[in-house]
Amino acid sequence: MGDLMFISGRTRVAGIIGHPVAHSLSPTMHNAGFRAANLDWVYVPFPVEPDYLGQALSGLFHAGVAGLNVTVPFKVAVIEHLEGLTTEAMRIGAVNLLTRGRSGWIGDNTDGRGFVQALQEAGFVPEGKSVLLLGAGGAARAVAHSLLLAGVTELTIANRTPERAENLLGELAEYYEEGMLDRVDWAARSNPALLEGFDLIVNATSEGMGAAHGQASVVDLAGLAGENKPLVADIVYVPLETPLIQMAKRQGLPTLTGEKMLLYQGVISWETWTGRPAPVVEMLNAMLTALRA
Ligand code: ATR
């Protein structure tokens, strides 16, 4: 269903590198944005062979590609091939956005910033807030840094493997005050007295991915009966309503579903490359149509 009428001698090319990339929703989302904004741009998947990552990056740069997204398994591996890194990408230690520098690519990370923008669009103000973050992997690392950069003042991490939570907290302590950082045991994550204290509860583990209806939620919110109604966010978007989101809704809590993080990391990429405000609604609708198909 490519719209080849759209391609001209002036068409600018953006894309995504990964291995594989066939499952990626980014081409659908970005091209919907280009069409809605009537821009002579196209976004294509580049399935790069891992042994040739450096050559592929160099070739795409010198072939005039305007910008790239980076997905699994290259988010860390690209770094050694770049001309520079933004502060956020350096702190997170991973890259999902490339823009053109003088003679090579500059790496940025919009995963965590995308999550924060999704929160803000949902009316949540991060400044001064207290957050429970589930997970300590790559996604959790991006979310943690971006929340702290956005002004969150208390971040508590719970992870199934405690050593990984300790490691992430140790990394965070290099940049943010230790008094803002805490850890709780995975087994204690559903304790109502603990949950009552947070303004935001985020699942950044992969638990819930592909979950069947009725499957247990990654955190049990049933004891949350007090005045405080934390926002419950999931970064998992398959299914769109994870068991965690379903449970939060049953408890009458506000929710943020995972496709919004994917949307806004893309929106920030799109706006960075084109210098224009993104047609967010069209990009979201294209992504949702693809997700439901
Ligand atoms: P990603 O880049 O998606 O964050 P990752 O770096 O492999 O992927 O991290 C996966 C995260 O999901 C980790 O926090 C992992 O917990 P462990 O560190 O204990 O492995 C978490 N995770 C995955 N499956 C889980 C499950 N069934 N229950 C709880 N946590 C899970």
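## Side note on the domain arrangement of the protein chain
You can read the domains of the protein chain as domain 1 (4-109 + 261-292) and domain 2 (125-253). Taking only C-alpha atoms, the centre of domain 1 and the centre of domain 2 are 28 Å apart. Each partner contributes to the interface: domain 1 provides ten residues, whereas domain 2 provides twelve residues. Across the domain 1/domain 2 interface, buried area totals approximately 970 Å², and carbon plus sulfur atoms make up 74% of it. Broken down residue by residue, the surface that domain 1 buries against domain 2 is led by Arg91, Ile92 and Met261, which jointly contribute 58%. Between the two partners, domain 1 and domain 2, sit zero salt bridges.

## Examining the packing of aromatic side chains
The full count for this structure, using the stated rule, is five aromatic pairs. Note on Phe34 and Trp41: the rings are 5.4 Å apart at their centroids and 35 degrees apart in plane angle, and the pair reads as tilted. When its relative accessible area of 0% is taken as the criterion, Phe34 is described as buried. Residue Trp41 is classed as buried on the basis of its relative accessible area of 8%. Connected via pairs of aromatic rings, a cluster forms that spans Phe34, Trp41 and Trp270.

## Re the site of the ligand
The full set close to the ligand counts 13 residues, and Asn159, Arg160, Thr161, Arg164 and Glu207 are the nearest of them. Contact between the ligand and Gly138: an oxygen atom at 3.0 Å from a main-chain N or O atom of the residue. For the ligand, an oxygen atom lies 3.0 Å from a polar atom in the backbone of Ala139. In isolation the ligand has 640 Å² of accessible area, and contact with the protein removes 69% of it. Here the residues of the shell around the ligand are counted per class, giving three nonpolar, seven polar and three charged.

## A closer look at helix H8 (residues 243-250)
Along H8, six of the eight residues are buried, which leaves the element largely enclosed by surrounding structure. All of the buried residues along H8 are Pro243, Leu244, Ile245, Gln246, Met247 and Ala248. Remark: Gly252 follows H8 within two positions and exhibits a positive phi of approximately 75 degrees.

## Points about the pattern of salt bridges
Side chains that differ in sign of charge can pair as their charged atoms come close. One pass over the structure, following the stated rule, counts seven salt bridges. Residue Glu171 pairs with Arg141 through a salt bridge whose shortest N-O separation is 2.9 Å. Highlighted residues: Glu171 in helix H6 (residues 162-172) and Arg141 in helix H5 (residues 138-149), separated in sequence by 30 residues. In this structure Glu171 comes out as partly exposed when scored by relative accessible area, which is 27%. Between Arg183 and Asp185 there is a salt bridge, and its shortest N-O distance comes to 3.5 Å. The partly exposed category is assigned to Arg183, whose relative accessible area is 27%. Relative accessible area serves as the criterion here: at 47%, Asp185 is assigned to the partly exposed category. Where salt bridges share partners, they join Glu88, Asp108 and Arg113 into one cluster.

## Points about unusual backbone geometry
Cis geometry marks the peptide bond from His19 to Pro20; its omega dihedral reads 5 degrees. Note that Pro20 resides in the loop between strand E1 (12-18) and helix H1 (26-36). Between Val238 and the following residue, Pro239, the backbone shows a cis peptide bond with an omega angle of 0 degrees. Within the fold, Pro239 resides in the loop between strand E11 (231-234) and H8.

## Overview of the sheet that holds strand E12 (residues 255-256)
The six strands are arranged E9-E8-E7-E10-E11-E12 in an open sheet whose pairing can be described as parallel. Two strands bound the open sheet, and with one partner strand each, they are strand E9 (181-183) and E12. Across five bridges, the pairing between strand E7 (residues 130-134) and strand E8 (residues 154-158) is parallel. Paired with Val131 across the two strands is Leu155, which belongs to E8. Sheet contacts for H8: strand E10 (200-203), E11 and E12; angle to E11, the most-contacted strand, approximately 165 degrees.

## Thoughts on the side chain of Thr242
Inspection of the secondary structure assignment puts Thr242 in the loop between E11 and H8. Look at Thr242 and you get buried, because its relative accessible area is 1%. One polar contact links Thr242 to Asp234, side chain to side chain, over a distance of 2.7 Å.

Conventions we followed
Residues numbered from 1 in each chain as written. Predicted model: local features only at pLDDT ≥ 70, side-chain atom pairs only at ≥ 80, totals over all residues. Heavy atoms only, no water. Domains from an automatic or database assignment. Contact = heavy atoms within 4.5 Å. Buried area = accessible area lost by both parts, 1.4 Å probe. Salt bridge = Lys/Arg side-chain N within 4 Å of Asp/Glu carboxyl O. Phe/Tyr/Trp six-rings, centres within 6.5 Å; stacked < 30°, edge-to-face > 60°. Buried < 20%, exposed > 50% of the residue type's maximum accessible area, 1.4 Å probe, protein only. Near = heavy atom within 4 Å. Polar contact = N/O pair within 3.5 Å; in protein donor to acceptor, adjacent residues only side chain to side chain. Areas by Shrake-Rupley, 256 points an atom, 1.4 Å probe, with all protein chains shown as cover. Nonpolar A, V, L, I, M, F, W, Y, C, P; charged D, E, K, R; others polar. Helix = DSSP H or I, 4+ residues; strand = E, 2+ residues; numbered from the N terminus. Pairing = 2+ DSSP bridges. Axes fitted to C-alpha atoms, helices over the stretch in contact; angles between N-to-C directions.

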